[in-house]
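# Descriptive structure summary
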Amino acid sequence: MTENYLTVLEESLRTKLQVMEQIQQYNLRQQEIFQGDTVDMNQFDAYIEEKGSLIQQLESLDNGFESLYEKVAAELADNRAKYAEQIRRLQGLVTEVTDKSVMIQAQEARNKKLVEAYFQKAKGHIGDNRRTSKAAYDDYRNMSKGAVNLPQFMDSKK
């Protein structure tokens, strides 16, 4: 029975690696969006939603792994030599998951900087547009008020 549990744990870790690979692909796509000439925010939002569902899948895999591991932890501790090969495979997979997790976090940090730079740039354009609009409105207002110029000097001889 424990061997079946260990096989399920191994499959869970392999599935987790596949899901993490998909997340990495979405991170690369998001990076491409912000490094290109035009930014497609709709596509960016779609990638965010897809990553959200993948993250939920990761969380459910984690929860299942933890609950299953709790069931076999005592058996593994008591019979470590009997399950040594499977334990080594699981440890290798856990190392791969950890490494991939670190790589994903680095990608996310880089993408965050790209997004912040994009929004800072967009914010600057909005500020420029506001200043231009305000100057145009002020000019219009000044011109409409001063349209009638009364003569400064009147000729009182008549």
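Let us look at the structure shown here. Worth saying up front: this structure is predicted, and the values here are computed from it rather than measured.

## Details of the overall build of the chain
Assigned secondary structure in the chain consists of three helices and zero strands. Overall, the chain shows an N-to-C arrangement of helices and strands of α-α-α. Taken across its 158 residues, the chain has 26% of its residues classed as buried. For the chain, the share of sequence-separated contacts (at least 6 apart) that also reach a separation of at least 24 residues comes to 81%. Carbon and sulfur atoms provide 52% of the accessible area of the chain, an area that totals close to 11,900 Å².

## Side note on the environment of E11
Relative to the helices and strands, E11 is located in helix 1 (residues 2–35). Residue classification places E11 among the partly exposed positions, given a relative accessible area of 47%. Sequence spacing of E11 and F65 is 54 residues, and the spatial spacing of their C-alpha atoms is 9.8 Å.

## Focus: the environment of E75
Here E75 lies in helix 2 (residues 41–78). The exposure class of E75 is partly exposed, given its relative accessible area of 27%. C-alpha separation for the pair E75 and T2, spaced 73 residues apart in sequence, amounts to 7.5 Å. Those residues in contact with E75, other than ones at most four positions away along the chain, are T2 and Y83. There is a polar contact of 3.4 Å between the side chain of E75 and the side chain of Y83.

## As for the packing of aromatic side chains
Throughout the structure, instances matching the rule amount to five aromatic pairs. Taken together, a centroid distance of 5.4 Å and an interplanar angle of 65° make the contact between F34 and Y118 edge-to-face. Placement of the pair is F34 in helix 1 and Y118 in helix 3 (residues 84–145), with a sequence separation of 84 residues. Residue class for F34 comes out buried when judged on its relative accessible area of 11%. Taken together, the ring pairs in this structure connect F34, F44, Y118 and F119 into an aromatic cluster.

## Things to note about the nonpolar core
Most often, soluble globular proteins have nonpolar side chains that are buried together. Among the nonpolar cores identified, the biggest contains 26 residues, and L6, L9, L13, V19, I23 and L76 are the most heavily contacted of them. Listed by contribution, the elements that provide at least two residues to this core are helix 1, helix 2 and helix 3. Top contributing element to this core by residue count: helix 1, with 10 residues. In this view, L76 contacts T2, L6, Y69, Y83 and I87; residues no more than four positions away in its chain are not counted.

## Observations regarding the pattern of salt bridges
Side-chain pairs of opposite charge can arise whenever the charged atoms involved come near each other. Overall, the coordinates contain seven salt bridges when judged by the stated rule. The closest approach of N and O atoms between K16 and D62, which form a salt bridge, is 2.3 Å. Linking K16 in helix 1 with D62 in helix 2, this pair joins segments that are 46 residues apart in sequence. Overall, the relative accessible area of 14% leaves K16 in the buried class.

## A closer look at the side chain of S12
You can see S12 is positioned in helix 1. For S12, a relative accessible area of 13% gives the class buried. If sequence neighbours within four positions are ignored, S12 has contacts with L61 and F65.

## Side note on a negative patch on the surface
A cluster of acidic side chains, namely D40, D45, E49 and E50, defines a negative patch on the protein surface. Note that E50 resides in helix 2.

What counts, and where the lines are drawn
- Residues numbered from 1 in each chain as written.
- Predicted model: local features only at pLDDT ≥ 70, side-chain atom pairs only at ≥ 80, totals over all residues.
- Heavy atoms only, no water.
- Helix = DSSP H or I, 4+ residues; strand = E, 2+ residues; numbered from the N terminus.
- Buried < 20%, exposed > 50% of the residue type's maximum accessible area, 1.4 Å probe, protein only.
- Contact = heavy atoms within 4.5 Å.
- Areas by Shrake-Rupley, 256 points an atom, 1.4 Å probe, with all protein chains shown as cover.
- Polar contact = N/O pair within 3.5 Å; in protein donor to acceptor, adjacent residues only side chain to side chain.
- Phe/Tyr/Trp six-rings, centres within 6.5 Å; stacked < 30°, edge-to-face > 60°.
- Core = buried A, V, L, I, M, F, W, Y, C linked by side-chain atoms within 4.5 Å.
- Salt bridge = Lys/Arg side-chain N within 4 Å of Asp/Glu carboxyl O.
- Patch = residues over 30% accessible without salt bridge, like charges linked within 9 Å, V, L, I, M, F, W, Y side chains within 5 Å.
- Lys, Arg positive; Asp, Glu negative; His and termini not counted.
- Charge placed at Lys NZ, Arg CZ, Asp CG, Glu CD.

Just distances and angles here, no functional claims.
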